[in-house]
Amino acid sequence: MKNYTILNIPEDVLRDLKELGTTLFKEAEYKIQPVIDNGAIFRIIIRKGGENKCHNPVRNELFQSIMDRIPFANIITGVMMLNLKPNRFQRVHIDRDRHCAINVPIIIPENTELGVYKYELNDSIESKWFDMHPNDQNPGFNLDENGDTYHMKEPVLLNTKSWHWVWNKSNEARSVLSFDINKTPYLDTIDILKKNKWA
């Protein structure tokens, strides 16, 4: 067991997700699609508060057609693109709001990797970290000894209630389309995905 699970997203859904993500990324580059710049990462909000948020209505229609094909859409609480700038490191952190996330690769350059805490170490995580803002978290463990890495060439379900981090050692942005799952724990979400043949 790992803190990430490789997924088998249906081909038509995956194709449309990649088309949507690639288009939104280009529109963000041309300042058409608004972004939220958080330093090393800039975000593109696709769905929040039960509403589709793409700037272009055509993109919202495509996204809604994708959601209509996801049999467990009721557990998805938001959707965004997470874009890590070139030659940057997203620090080790635990998400406060999300239990887990489905991350779909959009732009994954060489020399990028997702790091996750070893699953068997999850019980050693002190409760104080779960309510702390990620910018204030500083666990101080050895990433190589205590972590697993993944190249992110395929979609994954990521346990965001365990330590995770991202390296982008390339000269390009690294981009994933991320589905927030805020209320359903990681293992329960794996069960749901297996029942629907997504894992």
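Structure report, in brief. Owing to the predicted nature of the structure, the values given are computational and were not obtained by experimental measurement.

Definitions and limits used
Residues numbered from 1 in each chain as written. Predicted model: local features only at pLDDT ≥ 70, side-chain atom pairs only at ≥ 80, totals over all residues. Heavy atoms only, no water. Buried < 20%, exposed > 50% of the residue type's maximum accessible area, 1.4 Å probe, protein only. Helix = DSSP H or I, 4+ residues; strand = E, 2+ residues; numbered from the N terminus. Pairing = 2+ DSSP bridges. Polar contact = N/O pair within 3.5 Å; in protein donor to acceptor, adjacent residues only side chain to side chain. Contact = heavy atoms within 4.5 Å. Phe/Tyr/Trp six-rings, centres within 6.5 Å; stacked < 30°, edge-to-face > 60°. Lys NZ or Arg CZ within 6 Å of the ring centre and 35° of its normal. Arc of directions from axis to C-beta. Core = buried A, V, L, I, M, F, W, Y, C linked by side-chain atoms within 4.5 Å. Salt bridge = Lys/Arg side-chain N within 4 Å of Asp/Glu carboxyl O.

1. Points about the pairing of strand β8 (residues 112-117)
- Summarising burial for β8: five of the six residues are buried, a large majority.
- In terms of strand pairing, β8 meets strand β11 (residues 164-168) through five bridges, oriented antiparallel. The residue of β11 that forms the bridge with Val 116 is His 164.
- Relative to strand β9 (residues 147-150), β8 is paired through four bridges, and the arrangement is antiparallel. In the sheet register, Tyr 117 faces β9, and the bridge partner there is Gly 147.

2. Quick look at the side chain of Ser 162
- You can see Ser 162 is positioned in the loop between β10 (156-159) and β11.
- Relative accessible area serves as the criterion here: at 0%, Ser 162 is assigned to the buried category.
- Polar contacts involving the side chain of Ser 162 include one to the side chain of Asn 3, which spans 3.2 Å.
- In contact with Ser 162, other than residues within four places in its own chain, are Asn 3, His 93, Ile 94, Tyr 117, Asn 122 and Ile 125.

3. Notes on the packing of aromatic side chains
- Per the stated rule, a full pass over the model turns up eight aromatic pairs.
- Geometrically, the ring pair formed by Trp 129 and Trp 163 is edge-to-face, given 5.3 Å between the ring centres and 70 degrees between the ring planes. Taken together, the residues span a long stretch of sequence, with Trp 129 in the loop between β8 and α3 (143-146) and Trp 163 in the loop between β10 and β11 at a distance of 34 residues. Like Trp 163, Trp 129 is buried.
- Taken together, Tyr 117, Trp 129, Phe 141, Trp 163 and Trp 165 form an aromatic cluster joined through their ring pairs.
- The ring of Trp 129 carries Lys 128 above its face, with NZ or CZ at 4.7 Å from the centroid.

4. Thoughts on helix α4 (residues 186-195)
- Among the residues making up α4, those that are buried are Tyr 186, Thr 189, Ile 190 and Leu 193. Buried residues in α4, looked at end-on, bunch into an arc of 105 degrees, giving them a common side.
- Residues of α4 that are buried in the fold lie against β1 (4-6), β7 (100-107), β10 and β12 (174-181).
- Looking one or two residues past α4, Lys 197 carries a phi angle of roughly 60 degrees, positive in sign.

5. Quick notes on the environment of Gly 39
- In this fold, Gly 39 is placed in the loop between β2 (36-37) and β3 (41-48).
- Contacts of Gly 39, omitting those with residues within four sequence positions, involve Lys 85 and Arg 88.

6. Let's talk about the nonpolar core
- Core analysis: the biggest nonpolar cluster contains 36 residues, and Ile 102, Val 104, Leu 157, Leu 177 and Phe 179 have the highest contact counts within it.
- For this core, the secondary-structure elements that each account for two or more residues are α1 (11-29), β3, α2 (57-67), β5 (78-84), β7, β12 and α4.
- Take this core: its biggest share by element is seven residues, from α1.
- Those residues in contact with Ile 102 that lie beyond four places of it in its chain are Leu 7, Phe 72, Val 156, Leu 157, Leu 177, Ser 178, Phe 179, Ile 181 and Leu 193.
- Counting 15 residues, the second-largest nonpolar core is a separate cluster that includes Met 80, Ile 108, Val 116 and Val 156.

7. Here's the deal with the pattern of salt bridges
- Enumeration over the complete set of coordinates arrives at 11 salt bridges.
- Close ionic contact of Glu 51 with Lys 53 constitutes a salt bridge, the shortest N to O distance being 3.5 Å.
- Judged by its relative accessible area of 48%, Glu 51 falls in the partly exposed class.
- Given the relative accessible area of 39%, Lys 53 is considered partly exposed.
- Measuring nitrogen to oxygen at the nearest pair gives 3.3 Å for the salt bridge that ties Glu 110 to Lys 153. With Glu 110 in the loop between β7 and β8 and Lys 153 in the loop between β9 and β10, the pair connects residues that are 43 residues apart, well separated along the chain.
- By relative accessible area, which is 38% here, Lys 153 ends up partly exposed.
- Three or more residues joined by partner-sharing salt bridges are found here, namely Asp 12, Arg 15, Asp 16 and Arg 69.

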